[in-house]
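# Summary of the model geometry
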Amino acid sequence: MAIERTPTAVWQALREGNERFMHFNEERPNQDQGRRSQLTQGQDPIAAVLACSDSRVPVEMIFDQGLGDVFVIRTAGEITDLAVLGSLEYAVESLHVPLIVVMGHESCGAVAATQAALDGHEIPGGFQRVLIEKVSPSILEARAAGCTTTAEFEAYHVAETVDMVLSRSPEIKAKLQQGKVGIVGVRYRLSDGMAEPVAALGV
Ligand SMILES: [Zn+2]
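Residues numbered from 1 in each chain as written. Predicted model: local features only at pLDDT ≥ 70, side-chain atom pairs only at ≥ 80, totals over all residues. Heavy atoms only, no water.

Time to look at the overall build of the chain. Across its full length, the chain holds eight helices and five strands. When the helices and strands of the chain are read in sequence order from the N terminus, they spell out α-α-β-α-β-α-β-α-α-α-α-β-β. The C-alpha radius of gyration of the chain comes to 17 Å, within 12% of the 17 Å expected for a compact globule of 203 residues. When each of the 203 residues of the chain is scored for burial, the buried share is 43%. Look at the contacts in the chain between residues 6 or more apart in sequence, and 68% of them connect residues 24 or more apart. A total of about 10000 Å² of accessible surface is found on the chain, and carbon and sulfur atoms cover 52% of it. The distance from the centre of the 17 positive side-chain charges to the centre of the 27 negative ones in the chain is 3 Å. (Helix = DSSP H or I, 4+ residues; strand = E, 2+ residues; numbered from the N terminus. Rg over C-alpha atoms; globule rule 2.2 N^0.38 Å. Buried < 20%, exposed > 50% of the residue type's maximum accessible area, 1.4 Å probe, protein only. Contact = heavy atoms within 4.5 Å. Areas by Shrake-Rupley, 256 points an atom, 1.4 Å probe, with all protein chains shown as cover. Lys, Arg positive; Asp, Glu negative; His and termini not counted. Charge placed at Lys NZ, Arg CZ, Asp CG, Glu CD.)

Looking now at the pairing of strand β5 (residues 195–201). Here strand β4 (residues 182–188) runs beside β5; their pairing, made up of six bridges, is antiparallel. Bridging across to β5, V186 finds its partner in P197. (Pairing = 2+ DSSP bridges.)

The sites that carry the UniProt feature "binding site: Zn(2+)" (unreviewed entry) are, in the present numbering, C52, D54, H105 and C108. Despite a sequence span of 57 residues, these residues sit close together in the fold, their greatest C-alpha distance being 8.8 Å. Inspection of the secondary structure puts D54 in the loop between β1 (47–52) and α3 (59–62). Owing to a relative accessible area of 17%, D54 belongs among the buried residues under this scheme. The contacts of D54, once residues within four sequence positions are left out, are R74, H105 and S107. Polar side-chain contacts of D54 include one of 2.7 Å to the side chain of R56. (UniProt positions renumbered as here; feature names shortened; annotations may be inferred. Polar contact = N/O pair within 3.5 Å; in protein donor to acceptor, adjacent residues only side chain to side chain.)

Protein ligation of the zinc ion involves C52 (SG), H105 (NE2) and C108 (SG), the donor distances falling in the range 2.0 to 2.3 Å. All donors of the zinc ion belong to a single chain; written as a sequence motif, their spacing is C-x52-H-x2-C. With respect to burial, H105 and C108 carry one shared label: buried. (Donors = N, O, S within 2.8 Å, 3.2 Å for Na, K, Ca; no water.)

Moving on: the sheet that holds strand β2 (residues 70–75). Spatial strand order, β2-β1-β3-β4-β5: five strands in an open sheet with mixed pairing. Lying at the two open borders of the sheet, with one neighbouring strand each, are β2 and β5. Between one strand and the next, the sheet's axes are offset by a mean angle of 20 degrees, whatever the strand orientation. Of the strands in this sheet, β1, β3 (99–105), β4 and β5 are in contact with helix α1 (residues 7–22), which crosses β3 at around 35 degrees. (Axes fitted to C-alpha atoms, helices over the stretch in contact; angles between N-to-C directions.)

In this model, helix α6 (residues 129–144) (16 residues) spans 23 Å end to end at C-alpha, consistent with the 22 Å of a helix rising 1.5 Å per residue. Maximum bend of α6: about 35 degrees, positioned at S136, with proline P137 one to four residues after it. Packing partners of the buried residues in α6 comprise α5 (109–118) and α7 (150–168). Of the residues trailing α6, G146 is marked for its positive phi of about 95 degrees. (Expected span 1.5 Å × (residues − 1). Bend = angle between axes of the 7 residues up to and from the residue.)

Residues A48, L88, I100, I172 and I183 are the most contacted members of the largest nonpolar core, which totals 22 residues. Elements supplying a minimum of two residues to this core: β1, β2, α4 (82–94), β3, α7 and α8 (170–177). Here this core takes five residues from α4, the largest share from any one element. Setting aside residues no more than four positions away along its own chain, I172 makes contact with L88, E89, V92, I100, V165, L166 and V181. Counting residues in hydrophobic clusters, the runner-up holds 20 residues, among them W11, V59, I62 and M103. (Core = buried A, V, L, I, M, F, W, Y, C linked by side-chain atoms within 4.5 Å.)

Below you can see the structure in the form of structure tokens.
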């Protein structure tokens, strides 16, 4: 079944997929031989998703999508860098996805480690330091805004990441203003499987 390629229709389709996943009622679409064969000719995903790398946050499963349906970028703490922004711009500009989803989650280790580091606990060494550096601004702003719970920090970091993508990528921001792309932030709940919206623009 073809989905209308508008930000609103795609977001609706992903929400419906998440609803199926939540209730163990998955359709597992687009995972047959016909789909495999079709995809050798190219890809036409309906959305780009930037999610945390956490093993408990499998994007296609959470939204009940199949092969070729979502263009996925995952980093610990769904942090952004030039490679992430380049990948998102590729999805929007070249693959014409009408929706970007930023997905954080319940019990995120990157958010917890950042809270701990800001409270004076040890900062991880090596390249892991970047995880703390990239999540810290969100936590500091969230604290200034009066947030106190880990759930609030996780949601705030997602919303901040949505803003960051738009402020760093004039291309994506222009597409949002033209109504060609929407951007949604969600906090995935491990406990009940819901991708809970925390920010939504253009959908
Ligand atoms: Zn995480």
